[in-house]
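Each chain, letter by letter, is given below.
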Amino acid sequence: MKVIVASDHGGYNLKTAIVSHLKEKGIDVEDAGPNSTESVDYPDYAKPVATAVQNGEYDRGILVCGTGIGMNIAANKYKGIRAALVHDTFSAHATREHNNSNILNMGERVIGTGLALDIVDIWLNTEFEGGRHERRIEKIEG
Ligand code: RB5
């Protein structure tokens, strides 16, 4: 599985921890920036991740900002992207099983690193259930 990860300044530290965590697990991960905590605009970092998942270059994306909300709103503007804002482990597996989410959003100012890394592991390792959920996703795509 190929994963692309980005943040803004508000999510930089958690994004860096996620990239290290995935590398330690041997997962093919791309760090799409930024490279410091200098202030940046989250839509500029949501775009390359959303388009890379949209065009199939990467299987999944992870976007982190202060709350996760700005990145979530931005990512969901891209057709074919199902971005999920997740801050608990139940939602981490439920959104994969039911929504087939392809981008995970979290807020560095909302949760601790330990919980965030557990959420990442669960989200990456949970399969979509298909069936009735497939029909519902087709209705979203229009
Ligand atoms: C940046 O201060 C903050 O607004 C951003 O990281 C994010 O929380 C936006 O939704």
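- Looking at an unreviewed UniProt entry, the chain carries the name Ribose 5-phosphate isomerase B, with the source organism given as Nosocomiicoccus ampullae.
- What UniProt records for the chain under Sequence similarities (unreviewed entry) is the sentence "Belongs to the LacAB/RpiB family."

1. Re the nonpolar core
Here is step 1: V5, I18, L22, I62, L104, M106 and V120 are the most contacted members of the largest nonpolar core, which has 21 residues in total.
Here is step 2: Elements with a contribution of two residues or more to this core: β1 (2-7), α1 (12-24), β3 (60-65), β5 (103-107) and α5 (113-125).
Here is step 3: When residues in this core are grouped by element, the largest group, 6 residues, is from α5.
Here is step 4: Apart from residues lying up to four places away in sequence, V120 is in contact with I18, L22, I62, L104 and M106.
Here is step 5: With 17 residues, the next largest nonpolar core counts A46, V49, A74 and A75 among its residues.

2. A word on the site of the ligand
Here is step 1: Looking at the ligand, the residues that line it are D8, H9, Y42, C65, G66, T67, G70 and R109.
Here is step 2: Contacts to the ligand include D8, whose side-chain N or O atom sits 2.6 Å from an oxygen atom.
Here is step 3: A distance of 3.0 Å separates an oxygen atom of the ligand from a polar backbone atom of T67.
Here is step 4: The class makeup of the residues in the shell around the ligand is 2 nonpolar, 4 polar and 2 charged.

3. As for the UniProt feature "binding site: D-ribulose 5-phosphate" (unreviewed entry) in the chain
Here is step 1: Feature annotation in UniProt places "binding site: D-ribulose 5-phosphate" (unreviewed entry) on D8, H9, G66, T67, G68, I69, G70, N99, R109, R132 and R136, given in this structure's numbering. Look at the named residues: they lie 129 residues apart in sequence, and the longest C-alpha span between them is 38.8 Å, so in the fold they stay spread out.
Here is step 2: Structurally, G68 can be placed in the loop between β3 and α3 (69-75).
Here is step 3: Residue class for G68 comes out buried when judged on its relative accessible area of 0%.
Here is step 4: The residues contacting G68, other than those within four sequence positions of it, are L85, N105, M106 and G107.
Here is step 5: Considering the arrangement of structural elements, one finds I69 in helix α3.

Cut-offs and rules
Residues numbered from 1 in each chain as written. Predicted model: local features only at pLDDT ≥ 70, side-chain atom pairs only at ≥ 80, totals over all residues. Heavy atoms only, no water. UniProt positions renumbered as here; feature names shortened; annotations may be inferred. Core = buried A, V, L, I, M, F, W, Y, C linked by side-chain atoms within 4.5 Å. Buried < 20%, exposed > 50% of the residue type's maximum accessible area, 1.4 Å probe, protein only. Helix = DSSP H or I, 4+ residues; strand = E, 2+ residues; numbered from the N terminus. Contact = heavy atoms within 4.5 Å. Near = heavy atom within 4 Å. Polar contact = N/O pair within 3.5 Å; in protein donor to acceptor, adjacent residues only side chain to side chain. Nonpolar A, V, L, I, M, F, W, Y, C, P; charged D, E, K, R; others polar.

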